[in-house]
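Chain by chain, the residues:
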Amino acid sequence: MLLGPSLGLSAILFSLGVAGVLLRRNALVVFMCIELMLNAVNLTFVALAQLHGASGYIMVFFVMTVAAAEAAVGLAIILAMFRHRQSVDLQNINLLHG
Amino acid sequence: MTNAVFWFFAGAAVLSASLCILQRNPVNAALWLVSTMFSLAAIYILLDAQFIAAIQVLVYAGAVMVLFLFVIMLLNLGHAASDIRGPSTIAATVVIAGLLAGELFVLARYTPARLAAELAQAGQLSDPRVVFAAGDIARHEAQVNGVVGAIAAPLFQTYLVPFEITSILLLVAIIGAVVLAKRKV
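### Examining the overall build of chain A
So, point 1. Across its full length, chain A holds 3 helices and 0 strands.
So, point 2. Along chain A, helices (α) and strands (β) appear in the sequence α-α-α when read from the amino end.
So, point 3. Relative to the globule expectation of 13 Å for 98 residues, the C-alpha radius of gyration of chain A, 16 Å, shows a markedly less compact shape.
So, point 4. With the C-alpha coordinates aligned to their principal axes, the bounding extent of chain A is approximately 50 × 25 × 20 Å.
So, point 5. Across the 98 residues that make up chain A, the buried fraction comes to 55%.
So, point 6. Long-range contacts, defined here as pairs at least 24 residues apart, represent 48% of the contacts in chain A between residues at least 6 apart.

### Details of the overall build of chain B
So, point 1. In terms of regular secondary structure, chain B is built from 9 helices and 0 strands.
So, point 2. Reading chain B from its N end, one meets helices and strands in the order α-α-α-α-α-α-α-α-α.
So, point 3. The buried share among the 185 residues of chain B stands at 25%.

### Regarding the interface of chain B and chain A
So, point 1. Contact residues are listed per partner, giving 71 residues for chain B and 61 residues for chain A.
So, point 2. For the side of chain B that touches chain A, the secondary-structure elements that each account for two or more residues are α1 (2–22), α2 (26–46), α3 (50–75), α4 (87–107), α7 (137–145), α8 (147–156) and α9 (160–181) of chain B.
So, point 3. Here the side of chain B that touches chain A takes 11 residues from α3(B), the largest share from any one element.
So, point 4. Residues that form the side of chain B that touches chain A fall into these classes: 58 nonpolar, 8 polar and 5 charged.

### Some points on the nonpolar core
So, point 1. Residues Leu13(A), Leu28(A), Met32(A) and Val46(A) are the most contacted members of the largest nonpolar core, which totals 77 residues.
So, point 2. For this core, the element with the highest residue contribution is helix α2 (residues 27–52) of chain A, accounting for 17 residues.
So, point 3. The contact partners of Val46(A), leaving out residues within four places of it in the chain, are Gly56(A), Val60(A), Tyr44(B), Leu47(B), Ala49(B) and Ile52(B).

### Focus: the packing of α2(A) against helix α3 (residues 55–85) of chain A
Residue and element names in this part refer to chain A.
So, point 1. Close contact between α2 and α3 brings their axes to 8 Å; oriented N to C, the two are set at 175°. One element, α2, and the other, α3, form an angle in the roughly antiparallel class. Between α2, through Ala 27, Leu 28, Phe 31, Glu 35, Leu 38, Val 41, Asn 42, Phe 45, Val 46, Leu 48, Ala 49 and His 52, and α3, the contact on the second element is made entirely by Ser 55, Gly 56, Tyr 57, Met 59, Val 60, Val 63, Ala 67, Gly 74 and Ile 78.
So, point 2. Considered class by class, the residues forming the contact of α2 with α3 number 15 nonpolar, 5 polar and 1 charged.

### Things to note about α1(B)
Along an α-helix, a turn takes 3.6 residues, which lines up residues three or four apart on a common side.
So, point 1. Over its 21 residues, α1(B) runs 30 Å from end to end, which matches the ideal 30 Å to within 8%, given 1.5 Å per residue.
So, point 2. The inward-facing, buried residues of α1(B) abut α1 (3–23) and α2 of chain A together with α2 of chain B.

### With respect to unusual backbone geometry
With the exception of glycine, the majority of residues adopt a negative phi angle, and the majority of peptide bonds are in the trans configuration.
So, point 1. Of note, the phi angle at Gln86(A) is positive, near 60°, even though the residue is not glycine.
So, point 2. Note on placement: Gln86(A) falls in the segment after α3.
So, point 3. Positive phi, close to 65°, is recorded for Asp48(B), a residue that is not glycine.
So, point 4. Structurally, Asp48(B) can be placed in the loop between α2 and α3.

### Let's talk about the confidence of the model for chain B
So, point 1. Predicted confidence across chain B gives a mean pLDDT of 85, with 88% of residues reaching 70 or more.
So, point 2. Reported confidences for the modelled complex are a pTM of 0.88 and an ipTM of 0.91.

### Thoughts on α2(A)
Residues and elements named next belong to chain A.
So, point 1. The end-to-end C-alpha distance of α2 is 37 Å, a good match for the 38 Å that 26 residues give at a rise of 1.5 Å each.
So, point 2. With 22 of 26 residues buried, α2 lies mostly within the body of the structure.
So, point 3. At the exit of α2 stands Gly 53, carrying a positive phi of roughly 95°.

### Focus: the environment of Ala108(B)
So, point 1. By the secondary structure assignment, Ala108(B) is in the loop between α4 and α5 (112–122).
So, point 2. Along the chain, Ala108(B) and Ile45(B) lie 63 residues apart, while their C-alpha atoms are 20 Å from each other.
So, point 3. Contacts of Ala108(B), omitting those with residues within four sequence positions, involve Gly4(A), Leu7(A), Gly8(A) and Ala11(A).

### Side note on the packing of α1(A) against α1(B)
So, point 1. Relative to each other, α1(A) and α1(B) sit at 5°, their axes nearing to 9 Å. In terms of orientation, α1(A) and α1(B) fall into the roughly parallel class. Contact residues: α1(A) offers Pro5(A), Leu9(A), Ile12(A), Leu13(A), Leu16(A), Ala19(A), Gly20(A) and Leu23(A), while α1(B) offers Phe6(B), Ala10(B), Ala13(B), Val14(B), Ala17(B), Ser18(B) and Ile21(B).
So, point 2. Counted by class, the contact of α1(A) with α1(B) contains 13 nonpolar, 2 polar and no charged residues.

So, how was this worked out
- Residues numbered from 1 in each chain as written.
- Chains lettered and ligands numbered in written order.
- Predicted model: local features only at pLDDT ≥ 70, side-chain atom pairs only at ≥ 80, totals over all residues.
- Helix = DSSP H or I, 4+ residues; strand = E, 2+ residues; numbered from the N terminus.
- Rg over C-alpha atoms; globule rule 2.2 N^0.38 Å.
- Buried ≥ 20, exposed ≤ 12 C-beta atoms within 10 Å, placed from the backbone.
- Contact = placed C-beta atoms within 7 Å.
- Nonpolar A, V, L, I, M, F, W, Y, C, P; charged D, E, K, R; others polar.
- Core = buried A, V, L, I, M, F, W, Y, C linked by C-beta atoms within 7 Å.
- Axes fitted to C-alpha atoms, helices over the stretch in contact; angles between N-to-C directions.
- Parallel < 35°, antiparallel > 145°, perpendicular 65-115°, else oblique.
- Expected span 1.5 Å × (residues − 1).
- pLDDT = per-residue confidence, 0-100.

This is how it looks when you write it as structure tokens:
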């Protein structure tokens, strides 16, 4: 069944994703860490779907769709940002700073 | 045996996720993230979710990560300087992520029986043991409908409208990506 270990692993992976988002300045790596957090949530859904039926798998399906859409749009934004500033460093992105 | 395989892939997932957030080179970070996703796919198979494991490899490790590597290549970021923030941010990150991990570990002690027992003490209108039925429901559904059928049946019946809305979301994402990545914005 492995419910507890799976939820624990999911907790560790989600925290690592949060740590990566806070730690890195490269917009692409921050984006990868967001994907890592989505994966951790997917693991929770799959682990609980064992007990509560296939609705959890449907949620994983939707999360993956949203992640794919997010990756496409987000990477296009990073591309436009790079063209504008010649950098993907988040410290150089202060357009809304006032 | 299953436990040993699980702990092997869990260790691999945590190790490659840590390396992903610590690698200076974004290409290396992306490849370590692919490794994490493959480990997770193996764990999905252990959790009786073979279809999700296949989708994980195809969509995440295949499509999404190739998109990431493609953009890294396009921006020519292969040899960037270290972009890890300063010591005060590192300390704050350790505290915040540690607190979050602690909270999530408390939540991870969830079991259906325990939740049902706690709700029964609180006094509910419906019997929580019925609402939060514990058991191998997923494995039972897979035996009745097959591995793909267990997902397809609810997806095209109960969740048909959300599934159709998903197609609109993907269309919007395609148009948005094309408009944003065009030369003159």
